[in-house]
Amino acid sequence: PQDPRVSPDGRQVTFTLRTVNRDTRKSVTHLWTGAPGTPARAITSGPFKDFSPRYSADGKWLAFITTRQAPGDDPSPRERQQLAVMPAAGGEIRVLTREDASIADPAWTPSGHLVFAMRRNDPPMQGDKSPAAIRVTRLTYKANGTGYLPQDRWHLYSIDPEDGSPPRPLTEGDHDDQHPLVSPD
């Protein structure tokens, strides 16, 4: 288990559990929830990666990052991360974003909005997958296990899970903004 989160009332915990599908030999990550004295149960399933669960202030909703796509989206040739919400007890999952991006660090505001970090992916290369040259314009340009980093930077965005509007940028510039902390007031 990873990234355990205790509900605001302290009665249950939600966490991420990674397993390997023996048939496809691919890893999947699901959200599990449990309470003292009861066995934990999976609240997400399927061939997806669901992670970074965060409870809303009232404990009724969970926000998380997923590799699911919103209904009606064209299948992507590469795995894309999206922001999603679902009832904390389990139920229908609503994918809130439709971005070709990496998403991280969801956090609820007291007003029920979500703040998160997002970095848009570079467009896929055509033809040969290995470029002849890469122009490096910043000190941190490569990461172990990731390779060359996208040209876009991490910035903070806000989204209202109720109205279906696209993410609204909160920061911009030639620097990275991540790990939002929201004041309780």
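Further up the page is the structure itself.
The rules we used
Residues numbered from 1 in each chain as written. Predicted model: local features only at pLDDT ≥ 70, side-chain atom pairs only at ≥ 80, totals over all residues. Heavy atoms only, no water. Buried < 20%, exposed > 50% of the residue type's maximum accessible area, 1.4 Å probe, protein only. Helix = DSSP H or I, 4+ residues; strand = E, 2+ residues; numbered from the N terminus. Pairing = 2+ DSSP bridges.

1. Comments concerning the pairing of strand β6 (residues 61–66)
Thinking step 1. Extensive coverage of β6 is indicated by the burial of 5 of its 6 residues.
Thinking step 2. Strand direction decides the pairing type here: strand β5 (residues 50–55) and β6, joined by 4 bridges, are antiparallel. Its bridge partner lying in β6, D50 is registered against T66.
Thinking step 3. Here β5 folds back onto β6 in antiparallel fashion, the turn holding 5 residues, of which G59 has a positive phi close to 80 degrees.
Thinking step 4. Bridge count between β6 and strand β7 (residues 82–87): 6 bridges; the pairing is antiparallel. Of the residues in β7, the one forming a bridge with A63 is V85.

2. Focus on unusual backbone geometry
Thinking step 1. A positive phi angle, near 60 degrees, is found at R25, a position not held by glycine.
Thinking step 2. Locating R25 in the fold gives a position in the loop between β2 (13–21) and β3 (26–34).
Thinking step 3. For R25, a relative accessible area of 74% gives the class exposed.
Thinking step 4. Even without a glycine there, the phi angle at S52 is positive, about 60 degrees.
Thinking step 5. Residue position: S52 is located in strand β5.
Thinking step 6. For S52, a relative accessible area of 15% puts it in the buried group.

3. Observations regarding the sheet that holds β2
Thinking step 1. The strand order across the open sheet built from 4 strands is β1-β2-β3-β4, with neighbouring strands paired in antiparallel fashion. Because the sheet does not close on itself, it has two edges, and the strands there are β1 (2–6) and β4 (41–42).
Thinking step 2. Here β1 runs beside β2; their pairing, made up of 3 bridges, is antiparallel. Residue pairing in the sheet places R5 in a bridge with T14 of β2.

4. Focus: the sheet that holds strand β14 (residues 168–169)
Thinking step 1. What the 4 strands build is an open sheet, ordered β9-β10-β13-β14; its pairing is antiparallel. Pairing within the sheet leaves two strands with one partner each, and these edge strands are β9 (101–108) and β14.
Thinking step 2. Bridging between β9 and strand β10 (residues 114–120) involves 6 bridges; their strand directions are antiparallel. Of the residues in β10, the one forming a bridge with A107 is V115.

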